[in-house]
Amino acid sequence: MYILAIETSCDETSISVVQDSPNNKRILSLVTRSQVKEHQAYGGVVPELAARAHLTNIEPIFAQAIAQSGVDLNTIDAIAVTAGPGLIGGVLVGVMLAKSLSIALSKPLYGINHLEGHALTARLSHNVAYPYLLLLTSGGHCMFVEVLGFRQYKLLGQTLDDAAGECFDKIAKLLDFDFPGGPALEKKAVHGNPNRFNFPKPLEHTPQPNFSFSGLKTAVKLEIERSTIDDQTALDIAASFQFTVGEIFAERTLKALKCCSHKVQRLVMAGGVAANQHLRGVLQQLCKSHGLEAIFPPMDLCTDNAAMIGWAAIEAIKNAAPPSAIDFQPQPRWPLQDLNQPSFI
Ligand code: KG4
Ligand code: ZN
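Small disclaimer: the values here were computed from a predicted structure and weren't measured. Residue positions are given per chain, counted from 1 along the sequence in the order it is written. The order in which chains are written sets their letters, starting at A; the order in which ligands are written sets their numbers, starting at 1. A pLDDT threshold of at least 70 governs which residues receive local features in this predicted model, and a stricter bar of 80 or more applies before side-chain atom pairs are shown or counted, although totals over entire chains, interfaces and linings include all residues. Based on all heavy atoms of the structure, the side-chain values leave hydrogens and waters out of the count.

(A) View of the coordination of the zinc ion (ligand 2). Coordination partners: N, O, S within 2.8 Å of the metal, 3.2 Å for Na, K and Ca; water not considered, so apparent gaps in a site are possible. At this site the zinc ion (ligand 2) is bound by His 114 (NE2), His 118 (NE2) and Asp 304 (OD), with donor distances of 2.0 to 2.1 Å. When the donors of the zinc ion (ligand 2) are listed by position in the chain, the intervening gaps give H-x3-H-x185-D. Highlighted residues: His 114 in helix α4 (residues 114–125) and Asp 304 in the loop between α10 (299–302) and α11 (306–318), separated in sequence by 190 residues. In this structure Asp 304 comes out as buried when scored by relative accessible area, which is 14%. Secondary structure is summarised from DSSP: a helix means a run of H or I of at least four residues, a strand means a run of E of at least two, and numbering begins at the N terminus for each. With a 1.4 Å probe rolled over the protein chains alone, any residue whose accessible area is under 20% of its type maximum counts as buried; one over 50% counts as exposed, and the rest are partly exposed.

And the structure:
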């Protein structure tokens, strides 16, 4: 089966052709264009500009993704598209292309939840079996989910305020690092002293595996306002902040494991923040010392990409989930648990 997938929910325009056959799954093409240039001057993603850039870029990316896949459009079995959650102007651009293709080619259409795309990526990249503990950490979300089966998502904990990626981005901006902030801060942190500043770890003393990053962000902001920010201090703040996030992730993962209803043996980290090597290392170490397998999708499948959307549609098709109606409405907010099968409590 061949799936053509489209992702436009934030600042990456991405189109992919994914193939699934009985013994093989392959990404035949994945073309992703990031909008760094469009948003750089503003130090953050501007929704209106993002939507316009998707509109400008989507056609050439579509042509490139089809050409690279070597697949004739008529051989495609279904169209998959991110239908939310995300910045609605961008989502609409992808959904309109998907609906047009579905009508023109008479192919079924699958409106996919972006979070489900992240949640299932490791099954595409690593063949991970259910159940597993998922730490989904991106620019808009930070949550622990026990993934028990197809559309059986048990939410164990989540951020009560900011997402981890958002916190990376805001601190990078305060420190005048490049845009986008997350990867820029990681590069700087390598040269800093992670022990120079002692930042707080909100919710450390509660049993639930929830997160709160706004207090950490404010503590770092106050330190930046208080300190004379020479080059080395900026590097040390970056390193100390990243170190603190690592400690929070490790400690919260242990709490999440205790909350799992089944004995899970695998931890999957997904979402843009999972591209961070320091955080991967911390969780790798933690899993090793607790006899768990740690799984990290490759970097280009951690950040937003259409291949994960194609794969989520393949899982839906294999589980006989019905396609979306042609008049389905994209949703700016769409919790992962809303997808759960009725039989799953
Ligand atoms: O999953 P994603 O590409 O988009 C959303 O669905 O939000 O995640 C983007 C987030 C951004 O906040 C970005 O700064 C963060 O992931 N990110 C990173 C790294 N690469 C991306 N954060 C920390 N270290 C990185 N290397
Ligand atoms: Zn994402």
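(B) A look at the packing of aromatic side chains. The aromatic pairing rule takes the rings of Phe, Tyr and Trp, using the six-membered ring of Trp, and pairs them if the centres are within 6.5 Å, calling planes under 30 degrees apart stacked, those over 60 edge-to-face and the rest tilted. By the definition in use, this model includes seven aromatic pairs. When the centroid spacing of 5.8 Å and the interplanar angle of 70° are considered together, the rings of Phe 211 and Phe 249 count as edge-to-face. Taken together, the positions of Phe 211 in the loop between α6 (181–189) and α7 (214–226) and Phe 249 in helix α8 (residues 231–259) put the pair 38 residues apart, joining distant regions of the chain. Of the two residues examined, Phe 211 and Phe 249, each falls in the buried class. With a centroid separation of 6.5 Å and 80° between ring planes, the pair formed by Phe 213 and Phe 249 is classed as edge-to-face. Separated by 36 residues along the polypeptide, Phe 213 in the loop between α6 and α7 and Phe 249 in helix α8 bring together distant segments of the chain. We classify Phe 213 as buried; its relative accessible area is 1%. What links up through ring pairs into an aromatic cluster is the set Phe 144, Phe 211, Phe 213 and Phe 249. Only lysine NZ and arginine CZ atoms are considered, and such an atom sits over a ring when it is within 6 Å of the ring centre and within 35 degrees of the ring normal. The positively charged end of Lys 99 is found above the aromatic ring belonging to Phe 328, 4.7 Å away from the centroid.

(C) Molecular detail of the nonpolar core. Definition used in this section: a nonpolar core is a set of buried Ala, Val, Leu, Ile, Met, Phe, Trp, Tyr and Cys residues joined via side-chain atoms within 4.5 Å. Among the nonpolar cores identified, the biggest contains 63 residues, and Leu 4, Ile 6, Ile 15, Ile 79, Leu 101, Leu 134 and Tyr 153 are the most heavily contacted of them. When we break this core down by domain, the ones giving at least three residues each are domain 1 (2–119 + 304–340) and domain 2 (130–296). Any pair of residues with heavy atoms lying within 4.5 Å of one another is described as a contacting pair. Residues in contact with Ile 79, not counting those within four places in the same chain, are Leu 4, Ala 98, Leu 101, Ser 102, Leu 105, Lys 107, Pro 108, Leu 109 and Tyr 110. Judged by nonpolar contacts, the second largest core, of 47 residues, contains Phe 177, Phe 197, Leu 283 and Cys 287. By convention here, the domain bounds are inherited from an automatic or database domain assignment.

(D) How the structure looks around the sheet that holds strand β4 (residues 78–84). The pairing criterion is simple: DSSP has to find at least two bridges between the two strands. If you trace the five strands from one edge of the open sheet to the other, you get β3-β2-β1-β4-β5, paired in mixed fashion. The open sheet is flanked by β3 (24–34) and β5 (109–113), the only strands paired with a single partner. Across the sheet, the mean angle from the axis of one strand to that of its neighbour is 20°, orientation sign disregarded. Between N-to-C directions, angles span 0 to 180 degrees; the directions come from axes that are lines fitted to C-alpha atoms, helices contributing only their stretch in contact.

(E) Expanded view of the sheet that holds strand β10 (residues 293–295). Ordered in space as β8-β7-β6-β9-β10, the five strands form an open sheet in which the pairing is mixed. The open sheet is flanked by β8 (152–158) and β10, the only strands paired with a single partner. The mean angle between the axes of side-by-side strands here comes to 25°, regardless of whether they run parallel or antiparallel. The sheet contact formed by strand β9 (residues 266–270) and β10 spans three bridges and is parallel. Among the inter-strand pairings, Val 268 is bridged to a residue of β10, identified as Ile 295. α4 rests against β6 (132–137), β7 (142–149), β8, β9 and β10 of the sheet, and its axis sits at about 130° to β6.

(F) How the structure looks around the site of ligand 1. Around ligand 1 there are 19 residues in total, and Gly 139, Asp 169, Glu 186, Gly 272 and Asp 304 lie nearest to it. Between an oxygen atom of ligand 1 and a side-chain N or O atom of His 118, the distance comes to 3.1 Å. Protein contacts shield 89% of the accessible area of ligand 1, which totals 560 Å² for the unbound molecule. When contributions to the shell around ligand 1 are tallied by element, the ones reaching two or more residues are α4, α5 (164–174) and α6. Top contributing element to the shell around ligand 1 by residue count: α5, with four residues. All residues other than Ala, Val, Leu, Ile, Met, Phe, Trp, Tyr, Cys, Pro, Asp, Glu, Lys and Arg, Gly among them, are scored as polar; the first ten of these are nonpolar and the last four charged. Along the lines of polarity and charge, the residues of the shell around ligand 1 split into four nonpolar, 11 polar and four charged. Looking at which domains feed residues into the shell around ligand 1, each of domain 1 (2–119 + 304–340) and domain 2 (130–296) supplies at least three. Think of it this way: one heavy atom of a residue within 4 Å of a molecule or strand is enough to make that residue near it. Two N or O atoms count as a polar contact when they lie within 3.5 Å, although within protein this holds only if one can serve as hydrogen donor and the other as acceptor, and sequence-adjacent residues are included solely when both atoms are side-chain atoms. Here the open area of atoms and residues is found with the Shrake-Rupley method and a 1.4 Å probe, where only the protein chains shown may cover a residue.

(G) Looking closely at the domain arrangement of the protein chain. Here the domain parsing of the protein chain yields domain 1 (2–119 + 304–340) and domain 2 (130–296). The centre of domain 1, based on its C-alpha atoms, is set 27 Å off from the matching centre of domain 2. Across the contact, 20 residues belong to domain 1 and 18 residues belong to domain 2. As used here, buried area is the combined drop in accessible area, with a 1.4 Å probe, of two parts when they are placed together. Here domain 1 packs against domain 2, burying approximately 1,700 Å² in sum over the two surfaces, 63% of which is carbon and sulfur. The working definition used for a salt bridge is a side-chain nitrogen of Lys or Arg within 4 Å of a carboxyl oxygen of Asp or Glu. For the interface between domain 1 and domain 2, the tally reads one salt bridge. The shortest N-O distance in the salt bridge between Glu 116 and Arg 151 comes to 2.9 Å. Inspection of the region where domain 1 meets domain 2 yields six residue pairs in polar contact (both at pLDDT 80 or more). Among the secondary structure elements, those contributing two or more residues to the side of domain 1 that touches domain 2 are α1 (36–40), α4 and α11. Top element by residues in the side of domain 1 that touches domain 2 is α4. It accounts for four residues. A per-class count over the side of domain 1 that touches domain 2 returns 10 nonpolar, eight polar and two charged.

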